[in-house]
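Below, each chain spelled out in residue letters.
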Amino acid sequence: MSDALTTPTGLESQYATQLATDLERNATEQERIGTEVQSLQEQLRGLQHDRELLLKMQQLLDDGPSGAVRQAGASRTARVPAPREAAPRAKRTVRKKAAAAAKAKPQPKSTEGPTLIELVRTHLGQQAEPRSAAEVTTALTQGHPDRTIKTTVVRTTLEKLVAKGQAQRTRQKNSVFYSTPDATEQAEKSDEGAAAAEKPESKD
């Protein structure tokens, strides 16, 4: 009989488990809420501290020379607290820095005069024989010492002219040469004429 009373039944075991779970959940919830309360208290202390500073600054403004001319308490609501003036000052500072940076920034070179693609096209048109990108770069650099002309840029420009049909590309051994269509035709005619001149005359 005593053994039956002391031995827990299945229902009692379930109650015990449920109680333990509820206690654990309760403790976790208390910890979470306690953390939130602590955070809110810190925020409240910060706001109270800020309010004290603002009140002191307002009192200093009221005690200044301008406070002698206030009218029936209306000036207190009309005054702008000092912290609000920081934003316009900050904007003015940013504008001054931006203006100084704009002055210090080097201005882009004037785009007056022919473009590089025009210079390259004109130069090719004046040549009787095909020219390599390096030769074109050397000639343009000598003719325009005030401009910085790189071989890689000239080669890209020549390829653009080829793509537009305004220049022709020929390969001789391991080198690539460029010319205008007219110059290429003249070179071919010249080669044909030279070959005809070298060909021995046939005897009747």
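Before reading on, note that the structure itself is shown above.
Analysis parameters
- Residues numbered from 1 in each chain as written.
- Predicted model: local features only at pLDDT ≥ 70, side-chain atom pairs only at ≥ 80, totals over all residues.
- Heavy atoms only, no water.
- Helix = DSSP H or I, 4+ residues; strand = E, 2+ residues; numbered from the N terminus.
- Buried < 20%, exposed > 50% of the residue type's maximum accessible area, 1.4 Å probe, protein only.
- Pairing = 2+ DSSP bridges.
- Contact = heavy atoms within 4.5 Å.

(A) Representation of the side chain of His-123 within the structure. Mapped onto the elements of the fold, His-123 is located in helix α5 (residues 116-125). Overall, the relative accessible area of 12% leaves His-123 in the buried class.

(B) Spatial organisation of the pairing of strand β1 (residues 168-172). One ladder, built from five bridges, connects β1 with strand β2 (residues 175-179); its direction is antiparallel. Directly across from Arg-171, in β2, lies its bridge partner Val-176. Connecting β1 to the next strand, β2, in antiparallel fashion are two residues, including Lys-173 with a positive phi near 60 degrees.

(C) Local environment of the environment of Thr-151. In this fold, Thr-151 is placed in helix α7 (residues 151-163). Assessed through its relative accessible area of 30%, Thr-151 is described here as partly exposed. Every residue in contact with Thr-151, bar those within four places of it in the chain, is listed here: Ala-133, Ala-134 and Thr-137.

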